[in-house]
Amino acid sequence: MNLRVTLGFLVVAVLLGGIVFGLDKFNIGPTPAANSTATAVAGQNLQVFTFDDSKVTALELHQGDKSVRIEKNQDTWIVAGTSEPANRSSFNSLIVRMGQLRSTRRVDNPGDLKQYGLETPKDSAIAELSDGTRFELQTGDKTPVATGTYAKTADGSDVFVIQDQFVSDLERLVTDPKEPPTPTPRPVTPTPEAPPTDSTPTPAP
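Conventions and cut-offs
Residues numbered from 1 in each chain as written. Predicted model: local features only at pLDDT ≥ 70, side-chain atom pairs only at ≥ 80, totals over all residues. Heavy atoms only, no water. Helix = DSSP H or I, 4+ residues; strand = E, 2+ residues; numbered from the N terminus. Buried < 20%, exposed > 50% of the residue type's maximum accessible area, 1.4 Å probe, protein only. Contact = heavy atoms within 4.5 Å. Polar contact = N/O pair within 3.5 Å; in protein donor to acceptor, adjacent residues only side chain to side chain. Expected span 1.5 Å × (residues − 1). Arc of directions from axis to C-beta. Salt bridge = Lys/Arg side-chain N within 4 Å of Asp/Glu carboxyl O. Pairing = 2+ DSSP bridges. Phe/Tyr/Trp six-rings, centres within 6.5 Å; stacked < 30°, edge-to-face > 60°. Core = buried A, V, L, I, M, F, W, Y, C linked by side-chain atoms within 4.5 Å.

J.: Can you help me understand the overall build of the chain in this one?
T.: The secondary structure content of the chain amounts to four helices and eight strands. Taken from the N to the C terminus, the helices and strands of the chain come in the order α-α-β-β-β-α-β-β-β-β-β-α. Counting all 205 residues of the chain, 28% fall into the buried class. For the chain, the proportion of contacts with a sequence separation of at least 24, taken over those separated by at least 6, is 57%.

Here it is, written out as structure tokens:
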């Protein structure tokens, strides 16, 4: 091999080794701590609510001009203004999800709330806790590409995108908040016994 070419390769190898050593020595580039901090901040930016769902004593749901309020009575939920039990499993599910509600996206520089259907919210959910604090979620239009529903907190200006399922469940419970009746078991119809067969042999003629 040509001596000049060989020397050229050696010089390039030395330079590359020096660059790698320098990067490692001076820790150039994002550190693991920086990456973990960035991930944590991104996660916080998507969080809508964080509260203890076991401390919720009442929940109000609104859809247009329709609304329902449920109140906790020991381990059960009662539809306010009635003695009717509320749909415990469905309401518990909604409250648990609301207590740790996380959006799929936060809108950058949202501007006018009207474009998201949040100037006059379509639906809302208000959780009241035993210490008197309240958490209110307001929802508006679906996103143009149907990836979720726009939402915001009552006291905040940030606009989030949340999953449609939460909104669907909210609207279903406004319309039908009561505990479904326990199905009555159907009576068991006894199977008639077959008549006994005569095993006596027929005499030959």
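After that view of the structure, there is still more to cover.
J.: What is the right way to read the environment of Ser 89 from this model?
T.: Tracing the chain through its elements places Ser 89 in helix H3 (residues 88–99). Among the residues examined, Ser 89 registers a relative accessible area of 53% and is labelled exposed. A C-alpha to C-alpha distance of 8.7 Å links Ser 89 and Glu 179, two positions 90 residues apart in sequence. Looking at Ser 89, its side chain comes within polar contact range of the side chain of Asn 87, at 3.4 Å.

J.: Just checking my understanding: could you explain H3 for this structure?
T.: Side chains that are three or four residues apart share a direction in an α-helix, a result of its 3.6 residues per turn. The end-to-end C-alpha distance of H3 is 16 Å, a good match for the 16 Å that 12 residues give at a rise of 1.5 Å each. Buried within H3 we find Ser 90, Phe 91, Leu 94, Ile 95, Met 98 and Gly 99. Summarising the axial view, the buried residues of H3 lie within an arc of 165°, below the 170-degree limit, and thus occupy one face. Of the surrounding elements, those touching the buried residues of H3 are strand E1 (56–63), strand E2 (66–73), strand E3 (76–79), strand E5 (123–129), strand E6 (134–142) and helix H4 (164–175).

J.: Just to check I follow, could you spell out the pattern of salt bridges for this structure?
T.: Think of it this way: side chains of opposite charge can pair up when their charged atoms draw near. Under the defined criterion, the tally for this structure stands at nine salt bridges. For the salt bridge of Arg 97 with Asp 169, the shortest nitrogen-to-oxygen distance reads 2.7 Å. Linking Arg 97 in helix H3 with Asp 169 in helix H4, this pair joins segments that are 72 residues apart in sequence.

J.: I'm lost on the pairing of E5 in this one. Help?
T.: It is a general feature of regular strands that their side chains alternate between the two faces of the sheet. Most of E5 is tucked away: seven of the seven residues are buried. Judged from the six bridges that link them, E5 and E6 form a sheet pairing that is antiparallel. Within the sheet, the bridge partner assigned to Ile 126 lies in E6 and is Glu 136. A loop of four residues connects E5 with E6, the two strands running antiparallel in sequence, and Gly 132 in this loop sits at a positive phi of about 95°.

J.: Mind showing me how you'd approach the packing of aromatic side chains here?
T.: Here the distance between the centres and the angle between the planes together describe a pair of aromatic rings. Applying the stated criterion to the full structure yields four aromatic pairs. Each ring, one from Phe 51 and one from Phe 135, has its centre 4.5 Å from the other, and the planes form 25°; the classification is stacked. Here Phe 51, found in the loop between helix H2 (32–46) and E1, pairs with Phe 135, found in strand E6; they are 84 residues apart in sequence, far enough to count as distant. A residue is classified by how much of its surface remains accessible, and Phe 135, at 21% relative accessible area, is partly exposed.

J.: Help me understand H4 in this model?
T.: Over its 12 residues, H4 extends 17 Å from the first C-alpha to the last, a length consistent with the 16 Å expected when each residue adds 1.5 Å. Within the span of H4, buried status applies to Phe 166, Val 167, Asp 169, Leu 170, Leu 173 and Val 174. End-on, the buried residues of H4 take up no more than an arc of 165°, which puts them together on one face.

J.: Looking at this structure, how should I read the pairing of E3?
T.: Here E2 runs beside E3; their pairing, made up of four bridges, is antiparallel. Bridged to Glu 71 within E3 is Ile 78. What sits between E2 and E3 in their antiparallel hairpin is a turn of two residues, with Gln 74 showing a positive phi close to 60°.

J.: Please clarify how the nonpolar core should be interpreted in this entry.
T.: Within soluble globular proteins, side chains that are nonpolar tend to cluster in buried spots. With 28 residues, the main nonpolar core has Leu 59, Leu 61, Met 98, Leu 137 and Phe 166 as its most contacted residues. Every element with two or more residues in this core is listed here: E1, E2, E3, H3, E5, strand E8 (160–162) and H4. Top element by residues in this core is H4. It accounts for five residues. Discounting residues that sit within four places of it in the chain, Leu 137 has contacts with Val 48, Phe 49, Met 98, Leu 101, Asp 123, Ser 124, Ala 125, Ala 151, Lys 152, Ile 162 and Phe 166. In terms of nonpolar packing, the next biggest core, distinct from the first, is built from six residues, Tyr 116, Leu 118, Tyr 150 and Val 159 among them.

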